[in-house]
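# Chain and residue survey
In case you want the letters, here they are:
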Amino acid sequence: MITPCIAANWKMYKTTAQTAEFISEFLPSVKSVTDVEIIIAPPFTSLAKAGEMLKGSNVKLSAQDLYFEKEGAYTGEISLNMLIDVGCSYVIVGHSERRQYFNESDEFCNKKVKAAMAAGLSVMYCIGETRPERNSGKTFDIIKREIEGGLKDVAPEKLVIAYEPIWAIGTGVTATPQQAQEAHVYVREQLKALYGDKANEIRIQYGGSVKPENIAELMSQPDVNGALVGGASLKADSFAKIVKFR
Ligand code: 13P
């Protein structure tokens, strides 16, 4: 049985003061939640503050990205040691916005996934197709390519998949529960090819315009094991409602 997980990806939103304000309001409202894993991924500058405030709580801390080298002359980059130092236990890799605006390839993501896991972090590895790719029937090809490329020589133990169809991100157009389920079944088949029965234990989260109004129906699908939430995770009351979807 996979424990459901609801994760917030704040993207490039929130100062440290706004982060503190959110967490002060959010933590008491989800204190009683024991059957859902809760994760928040603030921007780098808010991680240390969030890490202090979340310590000992039922909410885990994730980074939105990492660089795979241990240290060195990599201006602007953040290492895994730095993320662990401020309390991260998760990191997002391969978000479509990084693939699109920063040209991250499957091969580059693969280096990040491997480095993060070697350092002991769990990885939310993001995959998903664009609208033209879906319309031309390429959804499964994209999923297959991103899984095979990004997860080459990666062990399944600390792996989470986030299926985020790009056409559903920030658009208000959510995948229907059936579309999400169909894609997740295909993701699981691909994971089975890599990991055999262990694939049944890997969490597959859906992302793309998740809101308090649609979370319950999405989560009712057998292969939707969680959500990765952008816009609707920026307000504490809205994200708390999503966490308490049951
Ligand atoms: P939205 O929830 O704003 O569509 O963003 C989804 C996402 O990209 C989460 O990583």
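Residues numbered from 1 in each chain as written. Predicted model: local features only at pLDDT ≥ 70, side-chain atom pairs only at ≥ 80, totals over all residues. Heavy atoms only, no water.

## A closer look at the overall build of the protein chain
Counted only if it meets this: Helix and strand labels come from DSSP, where a helix needs a run of H or I of at least four residues and a strand needs a run of E of at least two; each type is numbered from the N terminus. With C-alpha atoms as the basis for the radius of gyration, the globule rule is written as 2.2 Å multiplied by the number of residues raised to the power 0.38. Working definition: with a 1.4 Å probe on protein chains only, accessible area under 20% of the residue-type maximum means buried, over 50% means exposed, and in between means partly exposed. Any two residues whose heavy atoms approach within 4.5 Å are treated as being in contact. Where accessible areas are quoted, they stem from the Shrake-Rupley method and a 1.4 Å probe; at the residue level, only the protein chains shown are allowed to cover.
When its secondary structure is counted, the protein chain shows ten helices and eight strands. Taken over the C-alpha trace, the protein chain has a radius of gyration of 17 Å; the compact-globule value for 246 residues is 18 Å, and the two agree within 12%. Projected onto its principal axes, the C-alpha positions of the protein chain cover 45 × 45 × 35 Å. The buried share of the protein chain, reckoned over its 246 residues, is 55%. Considering only contacts within the protein chain whose residues lie at least 6 apart along the sequence, 72% involve residues at least 24 apart. For the protein chain, the accessible surface area stands at approximately 11,400 Å², while carbon and sulfur atoms represent 52% of it.

## Let's talk about the site of the ligand
Applied cut-off: Any residue with at least one heavy atom within 4 Å of a molecule or strand is counted as near it. Here a polar contact is taken to be a pair of N or O atoms separated by no more than 3.5 Å, where protein atoms must pair a possible hydrogen donor with a possible acceptor and residues adjacent in sequence count only if both atoms sit in side chains. Here the term charged refers only to Asp, Glu, Lys and Arg, the term nonpolar to Ala, Val, Leu, Ile, Met, Phe, Trp, Tyr, Cys and Pro, and the term polar to all other amino acids, Gly among them.
Surrounding the ligand, one finds 13 residues, the nearest of these being Lys11, His95, Gly170, Ser209 and Gly231. Taking Lys11, its side chain carries an N or O atom lying 2.8 Å from an oxygen atom of the ligand. Taking Gly170, its main chain carries an N or O atom lying 2.6 Å from an oxygen atom of the ligand. Alone, the ligand offers 310 Å² of accessible surface; in the complex the protein occludes 95% of this. Class assignment for the residues of the shell around the ligand results in four nonpolar, seven polar and two charged.

## So, helix H7 (residues 139-150)
Note the threshold: The span one expects for a helix is its residue count, reduced by one, times 1.5 Å.
The terminal C-alpha atoms of H7, which comprises twelve residues, lie 16 Å apart, in line with the 16 Å expected from a rise of 1.5 Å per residue. Summarising the contacts, the buried residues of H7 are in contact with helix H4 (96-101), helix H5 (106-118), strand S5 (122-127), helix H6 (131-135), strand S6 (159-163) and helix H8 (177-195).

## Overview of the packing of aromatic side chains
The cut-off we apply is this: For this analysis, a ring pair means two rings from Phe, Tyr or Trp (six-membered ring only for Trp) whose centres lie within 6.5 Å, classed as stacked if their planes differ by under 30 degrees, edge-to-face if by over 60, and tilted for the remaining angles. We call a charge positioned above a ring when the Lys NZ or Arg CZ atom is no farther than 6 Å from the ring centre and deviates by at most 35 degrees from the ring normal.
In total, this model carries seven aromatic pairs according to the counting rule given. For the ring pair Trp10 and Phe22, a centre distance of 4.7 Å and an interplane angle of 70° mean the geometry is edge-to-face. Of this pair, Trp10 sits in the loop between strand S1 (5-9) and helix H1 (16-30) while Phe22 sits in helix H1, and the two are twelve residues apart along the sequence. Each member of the pair, Trp10 together with Phe22, is buried. Aromatic pair Phe68 and Phe108: ring centres 5.4 Å apart, planes at 75°, arrangement edge-to-face. Of this pair, Phe68 sits in the loop between strand S3 (59-63) and helix H3 (80-85) while Phe108 sits in helix H5, placing them 40 residues apart in sequence. Classification of Phe68 as buried rests on a relative accessible area of 17%. Judged by relative accessible area, Phe108 falls into the partly exposed class, the value being 29%. Cluster of aromatic residues (ring-pair linked, three or more members): Trp10, Phe22, Phe26 and Phe239. The ring centre of Trp167 lies 4.4 Å from the NZ or CZ of Arg131, which sits over that ring.

## Brief notes about the environment of Glu164
Mapped onto the elements, Glu164 comes out in the loop between S6 and H8. Sequence separation between Glu164 and Ala227 is 63 residues, and the spatial gap between their C-alpha atoms is 9.4 Å. Filtering out sequence-adjacent residues up to four positions away, Glu164 remains in contact with His95, Cys126, Ile127, Gly128, Ile169, Gly207, Gly208 and Leu228.

## Re the side chain of Asn214
The residue Asn214 is located in the loop between strand S7 (203-207) and helix H9 (215-219) in this model. On the basis of relative accessibility, which here comes to 15%, the residue Asn214 falls in the buried class. Apart from residues no more than four positions distant in its own chain, Asn214 is found in contact with Thr174 and Ser209.

## Examining the nonpolar core
Rules: Residues enter a nonpolar core if they are buried and are Ala, Val, Leu, Ile, Met, Phe, Trp, Tyr or Cys, with the set joined through side-chain atoms within 4.5 Å.
Of all hydrophobic cores here, the largest spans 70 residues; its most connected members are Ile6, Phe26, Tyr125, Leu151, Ile161, Leu191 and Phe239. If one sorts the elements of this core by residue count, H8 sits on top with six residues. Ignoring any residue separated from it by four or fewer positions in sequence, one finds Leu151 in contact with Asn110, Val113, Tyr125, Glu146, Leu159, Ile161, Leu191, Leu194 and Tyr195. Counting residues in hydrophobic clusters, the runner-up holds eleven residues, among them Cys5, Ile39, Met124 and Leu228.

## A few points about the pairing of S1
Here is the rule we go by: One requirement defines pairing of two strands: DSSP has to find at least two bridges between them. A clockwise path from the first strand over the helix to the second, with the strands pointing away from the viewer, defines a right-handed crossover.
The element S1 is largely enclosed, with a buried count of five among its five residues. Of the two faces of S1, the one carrying Cys5, Ala7 and Asn9 and the one carrying Ile6 and Ala8 are both buried. In this structure, S1 lies alongside strand S2 (residues 37-41), joined through five bridges in parallel fashion. When the sheet's bridge partners are listed, Ala8 is paired in S2 with Ile40. Crossover S1 to S2 through H1 is right-handed. Pairing geometry for S1 and strand S8 (residues 226-229), over four bridges, is parallel. In the strand pairing of S8, Ala7 is matched with Leu228.

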